[in-house]
Amino acid sequence: MIGFATLLVGGFSRFGVWRQIVSAIVILTLIKLIQGLVADPVRADAGMWPLMYLPSIAGLIVAVALLAWSRRNHRLPRAAGLPAAEAPA
């Protein structure tokens, strides 16, 4: 879901989608880092089991934020009062 949302954030580029792919890999690496950081404390104390849901919640928040960001308007605003296009005579 993060990969899909990251691809939607990027607009058209003649250089391809390598920036979006690298961004998705970095985000997924950070989420796996969070998973690794919370695993040891939960193994030490079983009462901290809700902490294991932190990576999933973080991933969901990132994916929703990226999808919301991808909905932004990519077009430049037009000046008010100007005609759209005048046909040649």
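(A) Quick look at helix H2 (residues 18-44). Compared with an ideal rise of 1.5 Å per residue, which puts 27 residues at 39 Å, H2 spans 40 Å between its outermost C-alpha atoms and is within 8% of the ideal. What H2 keeps buried is the set Gln-20, Ala-24, Ile-31, Val-38, Ala-39 and Val-42. Residues of H2 that are buried in the fold lie against helix H1 (2-9) and helix H3 (54-70).

(B) Main features of a nonpolar patch on the surface. Judged by side-chain polarity, Phe-15, Trp-18, Val-22, Val-26, Leu-30, Leu-33 and Leu-37 come together as a nonpolar surface patch covering roughly 740 Å² of accessible area. Take Trp-18: it is sitting in helix H2.

(C) Layout of the packing of H2 against H3. Closest axis-to-axis distance for the H2/H3 pair is 8 Å, and the angle between their directions is 160 degrees. By the angle between their axes, H2 is roughly antiparallel relative to H3. In the packing of H2 onto H3, the handedness of the crossing is right-handed. Residues Ile-27, Ile-31, Ile-34, Gln-35 and Val-38 of H2 touch H3, and the partners they reach there are Leu-54, Pro-55, Ala-58, Gly-59, Val-62 and Leu-66.

(D) The packing of aromatic side chains, seen in detail. In this structure the tally under the stated criterion is one aromatic pair. Judged by centre distance (6.2 Å) and plane angle (80 degrees), the ring pair of Trp-49 and Tyr-53 falls under edge-to-face. Taking relative accessible area as the criterion, Trp-49 reaches 52% and is therefore assigned exposed.

Conventions and cut-offs
Residues numbered from 1 in each chain as written. Predicted model: local features only at pLDDT ≥ 70, side-chain atom pairs only at ≥ 80, totals over all residues. Heavy atoms only, no water. Helix = DSSP H or I, 4+ residues; strand = E, 2+ residues; numbered from the N terminus. Expected span 1.5 Å × (residues − 1). Buried < 20%, exposed > 50% of the residue type's maximum accessible area, 1.4 Å probe, protein only. Contact = heavy atoms within 4.5 Å. Patch = residues over 30% accessible without salt bridge, like charges linked within 9 Å, V, L, I, M, F, W, Y side chains within 5 Å. Areas by Shrake-Rupley, 256 points an atom, 1.4 Å probe, with all protein chains shown as cover. Salt bridge = Lys/Arg side-chain N within 4 Å of Asp/Glu carboxyl O. Axes fitted to C-alpha atoms, helices over the stretch in contact; angles between N-to-C directions. Parallel < 35°, antiparallel > 145°, perpendicular 65-115°, else oblique. Left-handed = near helix turned anticlockwise from the far one by under 90°. Phe/Tyr/Trp six-rings, centres within 6.5 Å; stacked < 30°, edge-to-face > 60°.

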